[in-house]
Amino acid sequence: MTLFSFAGRVWDRVEKTCRHLPIVLNTVLVFSITAEVSYLVLVEAPLQSDQKKTHWSTVWKTLHLFAQYFMLGNITWNASLFLKTSPSIQGVFLGSEGMAQGWRYCYTCETHTPPRCSHCYDCKVCVLRRDHHCVFFGQCVGFRNYRYFISCLLFMWTGLLYAVVMNAEVFIIILKEGVTLHSILLLLMPWIMLVSGQVTARAFAFAFIADTCVLGFLLVAAFLFFHLFLLLRGQTTREWYAIRRPYNLGVLGNLRHGLGTHWYVCWLCPLIPSPLPGDGIHFQVTGSLEPEPNRSR
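Residues numbered from 1 in each chain as written. Predicted model: local features only at pLDDT ≥ 70, side-chain atom pairs only at ≥ 80, totals over all residues. Heavy atoms only, no water.

If you look the chain up in an unreviewed UniProt entry, it shows as Palmitoyltransferase from Coregonus suidteri. For the chain, the Sequence similarities (unreviewed entry) comment in UniProt is given as "Belongs to the DHHC palmitoyltransferase family." Its UniProt record, at the heading Subcellular location (unreviewed entry), says of the chain: "Membrane". (UniProt positions renumbered as here; feature names shortened; annotations may be inferred.)

Structure (structure tokens):
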């Protein structure tokens with residue numbers, strides 16, 4: 001029994017470490033990209049030597065640095081609030097009165113749960129208006145932290161788009177001698193080029209971060225536009241899979257219930273208050289709660 005209990009404790013620690021690993025990796029990548037773009041702005045640009053010490057160059061660099069650190073601040077702040085805001089039913093009085101259609105009993109949490117609520121086996125708790133479990137943050141996206149999730153995706157997408165544009169010169173330099181085997185391998189597999197001694201550590205760092213910006217931009221763009229599509233339709237990811245839209249309140253109503261009463265401005269800064277009109281327990285039903293297999297998504 002002692003051996004099994006020790007193995008259980010070790011497994012719990014490994015599981016907790018792995019749960020926080022994506023957050024650490026995302027943090028390292030975000031700050032690495034920011035540092036690289038800052039270097040491009042401060043040192044490499046503008047390219048012409050006669051423009052490097054002009055008044056316009058100073059203004060240009062100041063505006064670029066302000067823009068990128070404004071985006072970085074919004075990313076980190078929204079991510080922090082997303083992690084701090086629990087979307088679970090813990091501490092929420094669900095009540096047993098007035099239970100209507102859509103309520104279920106969770107045998108794991110041993111309680112009745114309201115519509116759109118489901119149990120997450122990673123978080124080990126039921127989550128109000130659960131959308132999905134985000135592996136990149138190690139937490140569920142639910143009723144209370146959905147606004148921070150969307151805002152974080154928005155600024156990550158904007159920031160990566162900005163980084164891709166700023167790294168365009170890196171791609172131009174790599175491909176200046178044409179599309180050769182060396183340039184293709186440096187763009188697609190910079191690690192192999194570094195290990196084999198074909199490029200310097202500096203060239204590898206620029207190529208690796210430039211590649212990360214492009215791949216990250218495409219990945220975040222897919223997530224962002226998919227969730228904006230769901231937000232405008234008043235759906236969660238689970239409801240989209242089930243082909244159900246029973247809580248569609250129209251575009252404006254869906255925006256208010258997803259992002260709060262100040263949905264039109266709250267995305268600018270996470271400190272802007274935007275109270276949610278609902279409680280995450282009761283929802284206005286505007287359609288059938290049953291799946292519609294004959295209809296397309």
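K.L.:
Explain the overall build of the chain here, please?
P.N.:
Looking only at helices and strands, one finds 9 helices and 6 strands in the chain. Sequence separation of 24 or more characterises 59% of the internal contacts of the chain that already satisfy a separation of 6 or more. Total accessible area on the chain is roughly 17300 Å²; 68% of this is exposed by carbon and sulfur atoms. (Helix = DSSP H or I, 4+ residues; strand = E, 2+ residues; numbered from the N terminus. Contact = heavy atoms within 4.5 Å. Areas by Shrake-Rupley, 256 points an atom, 1.4 Å probe, with all protein chains shown as cover.)

K.L.:
What's the story with the UniProt feature "transmembrane region" (unreviewed entry) in the chain in this structure? I'm lost.
P.N.:
Look at the UniProt record and you will see "transmembrane region" (unreviewed entry) annotated at residues 20-42, 63-83, 146-166, 178-197 and 203-232. Between the end C-alpha atoms of residues 146-166 there is a gap of 30 Å, over a span that is 100% helix and 0% strand.

K.L.:
What exactly am I supposed to notice about the pattern of salt bridges here?
P.N.:
Where charged atoms from two side chains of opposite charge approach closely, those side chains can pair. Taken as a whole and judged by the stated rule, the model has 1 salt bridge. Here Arg 116 makes a salt bridge to Glu 239, at a shortest N to O gap of 2.8 Å. With Arg 116 in the loop between strand 2 (111-113) and strand 3 (118-120) and Glu 239 in helix 8 (residues 237-241), this pair connects stretches of sequence that are 123 residues apart. A single burial state applies to Arg 116 and to Glu 239, both of which are buried. (Salt bridge = Lys/Arg side-chain N within 4 Å of Asp/Glu carboxyl O. Buried < 20%, exposed > 50% of the residue type's maximum accessible area, 1.4 Å probe, protein only.)

K.L.:
Mind showing me how you'd approach the nonpolar core here?
P.N.:
Ranked by size, the top nonpolar core spans 30 residues in total, and within it Ile 33, Val 37 and Phe 149 carry the most contacts. Mapped onto this core, the elements with two or more residues apiece are helix 1 (2-44), helix 2 (55-84), helix 3 (146-166), helix 7 (201-233) and helix 9 (250-259). Setting aside anything within four residues of it in sequence, one finds Ile 33 in contact with Leu 160, Ala 163, Ile 209, Thr 212 and Cys 213. Ranked by size, the runner-up nonpolar core spans 13 residues in total, among them Cys 106, Val 127, Leu 128 and Cys 140. (Core = buried A, V, L, I, M, F, W, Y, C linked by side-chain atoms within 4.5 Å.)

K.L.:
Before we go on, may I ask you to explain the environment of Leu 65 in this structure?
P.N.:
With respect to the helices, strands and loops of the structure, Leu 65 is situated in helix 2. When the C-alpha atoms of Leu 65 and Val 41 are compared, they prove to be 7.6 Å apart, with 24 residues separating the residues in sequence. In this view, Leu 65 contacts Ser 38, Val 41 and Leu 42; residues no more than four positions away in its chain are not counted.

K.L.:
Could you clarify how one ought to interpret a nonpolar patch on the surface in this entry?
P.N.:
A cluster of nonpolar side chains, contributed by Leu 175, Val 179, Ile 184, Leu 188, Met 189 and Ile 192, occupies part of the molecular surface with about 570 Å² of accessible area. Tracing the backbone shows Ile 192 in helix 6 (residues 190-195). (Patch = residues over 30% accessible without salt bridge, like charges linked within 9 Å, V, L, I, M, F, W, Y side chains within 5 Å.)

K.L.:
Please clarify how helix 7 should be interpreted in this entry.
P.N.:
What sets the pattern is the α-helix's 3.6 residues per turn: residues three or four places apart point alike. Its 33 residues give helix 7 an end-to-end C-alpha distance of 47 Å, which sits within 8% of 48 Å, the value for a rise of 1.5 Å per residue. Looking one or two residues beyond helix 7, the residue adopting positive phi is Gly 234, at roughly 70 degrees. (Expected span 1.5 Å × (residues − 1).)

K.L.:
What am I meant to see in the packing of aromatic side chains here?
P.N.:
A ring pair, where both rings are aromatic, is described by two values, the distance of the centres and the angle of the planes. The tally for this structure, following the rule as stated, stands at 16 aromatic pairs. Measuring from ring centre to ring centre gives 6.0 Å for Phe 136 and Phe 223, while their planes differ by 85 degrees; the resulting arrangement is edge-to-face. Pair noted here: Phe 136 is in the loop between strand 5 (132-134) and strand 6 (139-141) and Phe 223 is in helix 7, with a separation of 87 residues, a long-range link. By relative accessible area, Phe 136 is classed as partly exposed at 34%. (Phe/Tyr/Trp six-rings, centres within 6.5 Å; stacked < 30°, edge-to-face > 60°.)

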